[in-house]
Amino acid sequence: MTRLELSEGAATPAQRRLVAVGTALLHRVWPGIALRTFALTDEDAVLLVQPVRGGVSLFVAADESVMFYASSVEPGAALELFRSGERTDPAKFDPTGPGGR
């Protein structure tokens, strides 16, 4: 996996859009959490990571579909699930709905 940390100036418009999609979903459940963002150049996707022990991570694909995973999942295994098409229903990020946390 080629992972390049993004800064606002280095991100493409498409990457900024994917980061915005992922940030909005995560902030629904965890308002204001700090996130580091990475371009996954081999996947045409971005990865958002909460940089704390026990933090959460979210892959966002070019089609804006997402895959959430917790720190208990080994990152390489999570990437393989993402590559195989595993996705998380965005409804799971609605804390007030039936699929919310």
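Residues numbered from 1 in each chain as written. Predicted model: local features only at pLDDT ≥ 70, side-chain atom pairs only at ≥ 80, totals over all residues. Heavy atoms only, no water.

### Digging into the nonpolar core
Here is step 1: By size, the foremost hydrophobic cluster in this structure holds 18 residues, and its most contacted members are Leu26, Val46, Leu58, Val60 and Phe93.
Here is step 2: Contributing elements (two or more residues each) for this core: helix H1 (13-29), strand S3 (45-49), strand S4 (56-61) and strand S5 (66-70).
Here is step 3: Here this core takes six residues from H1, the largest share from any one element.
Here is step 4: Excluding residues within four positions of it along the chain, leucine 58 makes contact with Gly22, Leu26, Val46, Leu47, Leu48, Val66, Met67, Phe68 and Phe93.
Here is step 5: Counting residues in each nonpolar core, the second largest holds twelve residues, with Ala45, Val49, Met67 and Leu79 among its members. (Core = buried A, V, L, I, M, F, W, Y, C linked by side-chain atoms within 4.5 Å. Buried < 20%, exposed > 50% of the residue type's maximum accessible area, 1.4 Å probe, protein only. Helix = DSSP H or I, 4+ residues; strand = E, 2+ residues; numbered from the N terminus. Contact = heavy atoms within 4.5 Å.)

### Let's talk about helix H2 (residues 75-83)
Here is step 1: The set of residues buried in H2 consists of Ala78, Leu79 and Phe82. For H2, the angular spread of the buried residues around the axis is 100°, confining them to a single face.
Here is step 2: Turning to H2, the residues buried within the fold contact S3, S4 and S5.
Here is step 3: Where H2 begins, one side-chain oxygen reaches toward the backbone nitrogen of glycine 76, 3.0 Å away; that side chain belongs to glutamate 74.
Here is step 4: Positive backbone phi, approximately 100°, marks glycine 85, located one or two places after H2. (Arc of directions from axis to C-beta. Polar contact = N/O pair within 3.5 Å; in protein donor to acceptor, adjacent residues only side chain to side chain.)

What is shown is where atoms sit, not what they do.
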